[in-house]
Amino acid sequence: MEEMTTTKTMPQVQIIDTTIPIVEYMGQRVITLATMDKLHRRPEGTAARNFQSNKERFEEGKHFYLVEYNEKDELRAFGVEVPPRGLIVLTERGYSMLVKSFTDDFA
């Protein structure tokens, strides 16, 4: 008897011509800063730099979350690795605020 293997596919969404994973944390859809760079075709670290420059305007739990390393399994299910220092993820509201700092046509 042949053994069947199934590949678990992560839910994804296509925006323009870029496919990104759908990630949820604390009951909300979130996006990593690295994914935001990919989506807007920005050099790696652009979203993180812009976030740090404007961090005082963002409210944790409303605009972003800092996912601690000990919570890594919550995001691993979505194919996202949390580094030992933690990982900032933006909520939809946080994304809308941060994208204003970008100047591309998609923003």
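Everything numeric in this text was worked out from a predicted model, so none of it was measured. (Residues numbered from 1 in each chain as written. Predicted model: local features only at pLDDT ≥ 70, side-chain atom pairs only at ≥ 80, totals over all residues. Heavy atoms only, no water.)

Some remarks on the confidence of the model for the protein chain
Item 1. Taken residue by residue, the protein chain gives an average pLDDT of 85. The fraction at 70 or more is 81%.
Item 2. In the predicted structure, residues 1–8 sits below a pLDDT of 50 and forms zero contacts with residues beyond four places in sequence or in another chain. (pLDDT = per-residue confidence, 0-100. Contact = heavy atoms within 4.5 Å.)

Brief notes about helix 4 (residues 92–99)
Item 1. Turning to helix 4, its buried residues number three or more, namely Gly94, Tyr95, Leu98 and Val99. On an axial view of helix 4, the arc spanned by its buried residues comes to 125°, and they lie on one face. (Buried < 20%, exposed > 50% of the residue type's maximum accessible area, 1.4 Å probe, protein only. Helix = DSSP H or I, 4+ residues; strand = E, 2+ residues; numbered from the N terminus. Arc of directions from axis to C-beta.)

Some remarks on the pattern of salt bridges
Item 1. Considering all chains together, one arrives at three salt bridges under this definition.
Item 2. Asp73 serves as the salt-bridge partner of Arg76, at 3.2 Å between the closest nitrogen and oxygen. Placement of the pair is Arg76 and Asp73 together in helix 3 (residues 72–76), with a separation of three residues, close to one helical turn.
Item 3. With a relative accessible area of 52%, Asp73 lands in the exposed category.
Item 4. The shortest N-O distance in the salt bridge between Arg76 and Glu81 comes to 3.5 Å.
Item 5. Each of Asp73, Arg76 and Glu81 takes part in a single network of salt bridges with overlapping partners. (Salt bridge = Lys/Arg side-chain N within 4 Å of Asp/Glu carboxyl O.)

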